[in-house]
2 protein chains.
Amino acid sequence: MTGVDVRLRLARNLRRLREQKGWSQEKFAFEANIHRTYVPDIERGARNPTIVVVEKLAVPLGVTAAELLAE
Amino acid sequence: MTGVDVRLRLARNLRRLREQKGWSQEKFAFEANIHRTYVPDIERGARNPTIVVVEKLAVPLGVTAAELLAE
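Residues numbered from 1 in each chain as written. Chains lettered and ligands numbered in written order. Predicted model: local features only at pLDDT ≥ 70, side-chain atom pairs only at ≥ 80, totals over all residues. Heavy atoms only, no water.

Going by what an unreviewed UniProt entry lists, chain A is known as Helix-turn-helix protein and is assigned to Novosphingobium kunmingense.

## Regarding the nonpolar core
The tendency in soluble globular proteins is for nonpolar side chains to be buried as a group. Stated formally: Remark: nonpolar core denotes a set of buried residues (Ala, Val, Leu, Ile, Met, Phe, Trp, Tyr, Cys) joined through side-chain atoms within 4.5 Å. Exposed residues in this analysis have more than 50% of their type's maximum accessible area, buried residues have under 20%, and partly exposed residues fall in between, with area computed by a 1.4 Å probe over protein chains only. Note on definitions: a residue-residue contact is assigned when non-hydrogen atoms from the two residues lie within 4.5 Å.
Core analysis: the largest hydrophobic core is formed by 44 residues, its most contacted members being Phe28(A), Leu68(A), Leu69(A), Phe28(B), Leu68(B) and Leu69(B). Beyond its immediate sequence surroundings of up to four residues, Leu69(B) is in contact with Ile51(A), Ala65(A), Ala66(A), Leu69(A), Val6(B), Arg9(B), Leu10(B), Asn13(B) and Val54(B).

## Quick look at the interface of chain B and chain A
Accessible area lost upon the coming together of the parts is a frequently used measure of interface size. Rules: Note on definitions: buried area is the accessible-area loss of two parts on being combined, 1.4 Å probe, summed for both. Any carboxyl oxygen of Asp or Glu within 4 Å of a side-chain nitrogen of Lys or Arg constitutes a salt bridge here. We count a stretch as a helix when DSSP gives it H or I for four or more residues in a row; a strand needs E for two or more, and each element gets its number in order from the N terminus. In this count, Pro and Cys sit with the nonpolar residues alongside Ala, Val, Leu, Ile, Met, Phe, Trp and Tyr, while Asp, Glu, Lys and Arg are called charged and the others, Gly among them, polar.
Counting residues at the interface gives 22 residues for chain B and 21 residues for chain A. Between chain B and chain A lies a buried interface of about 1800 Å² when both sides are counted; carbon and sulfur atoms form 72% of it. A salt bridge links Glu55(B) to Arg9(A), with the shortest nitrogen-to-oxygen separation between them at 2.6 Å. The biggest single contributor to the side of chain B that touches chain A is helix H1 (residues 3-21) of chain B, with six residues. Classifying every residue of the side of chain B that touches chain A by side-chain character gives 13 nonpolar, five polar and four charged.

## Focus on helix H2 (residues 25-32) of chain B
Residue pairs spaced three or four apart in an α-helix point in one direction, given the helix's 3.6 residues per turn. Residues and elements named next belong to chain B. Counted only if it meets this: Each direction from the helix axis to a C-beta atom contributes to the arc, which is the arc of those directions.
Taken together, the buried positions of H2 are Gln25, Phe28, Ala29 and Ala32. For H2, the angular spread of buried residues about the axis comes to 100 degrees, placing them on one side. Looking one or two residues past H2, asparagine 33 carries a phi angle of roughly 60 degrees, positive in sign.

## Some words on the relation of the copies chain B and chain A
Going by this rule: Here the copies were fitted onto each other by least squares, based on C-alpha atoms from residues at pLDDT of at least 70 in both.
Superposing chain B onto chain A takes a rotation of 180 degrees combined with a translation of 0.0 Å along the rotation axis, leaving an RMSD of 0.0 Å. Here the transformation between the copies is reduced to the relation of a two-fold axis. Across chain B, the rotation axis passes nearest the C-alpha of Thr50(B), at a separation of 1.9 Å. Comparing contact sets, 95% of the residues at the interface of chain B also lie at the interface in chain A, consistent with an isologous, same-surface contact.

## Let's talk about the UniProt feature "domain: HTH cro/C1-type" (unreviewed entry) in chain A
Going by this rule: UniProt positions are given in the numbering used here, feature names are shortened, and annotations may be inferred rather than shown by experiment.
Here, the residues flagged by UniProt with the feature "domain: HTH cro/C1-type" (unreviewed entry) are residues 14-68 of chain A. Along residues 14-68 of chain A, the helical share is 67% and the strand share 0%, with 7 Å between the first and last C-alpha atoms.

## A few points about the packing of helix H2 (residues 25-32) of chain A against helix H4 (residues 51-61) of chain A
All names here are of chain A. Put simply, the rule reads: Fitted lines through C-alpha atoms give the axes, limited to the stretch in contact for helices. The angle between two N-to-C directions lies from 0 to 180 degrees. Here the angle decides the label: under 35 degrees means roughly parallel, over 145 means roughly antiparallel, 65 to 115 means roughly perpendicular, and every other value means oblique.
Running from N to C, H2 and H4 cross one another at 105 degrees; their axes reach a closest spacing of 9 Å. Classified by the interaxial angle, the pair formed by H2 and H4 is roughly perpendicular. Seen from H2, the contacting residues are Phe28, Glu31 and Ala32; seen from H4, they are Lys56, Leu57, Pro60 and Leu61. Across the contact of H2 with H4, the residue classes tally to five nonpolar, no polar and two charged.

This is the structure in C-alpha cells:
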C-alpha cells in the first residue's frame, strides 16, 4: 500500500457516491462546505486531505470517513 | 460527526492494534517509520493526520487506512 493508493481510493469513492446523489462537483462542494475547486482535485487523487476533511466530505454523502477510504 | 470524532476513532484504533501487537509506542514508531513523539499525540487525538500518514500507520499493523478510522 502506498500513499497514492489511498488518495485514489478516496478519489474513486467520492466520485461514485457524489454521482449516486446526482450532484455536480459544485453542488457537492456547497453541501460539504468546501471550496468548489477542491472537489476536482480530490477526484483525481491530487490531494492528500487530513482525516477531519475526509469526515467533512463524508457527512453530506451519508457515509463515514472510513467508508470513503475503503476498497 | 465532528472532526474530534474521527481523531478519537483513530486514537482508539491505533492504541488497540498497537497493544495487540505487544508493541510500545517507540517500537511502533520505528515500525511505521514516523517520529516517536508523533505516536502519543495521535493516541490522545491531538493530531489531524493526512490520509497518506494514516496509511503509513496502517501498514505495520496489517490493516487498511479505512480500518484505522472505523468505529
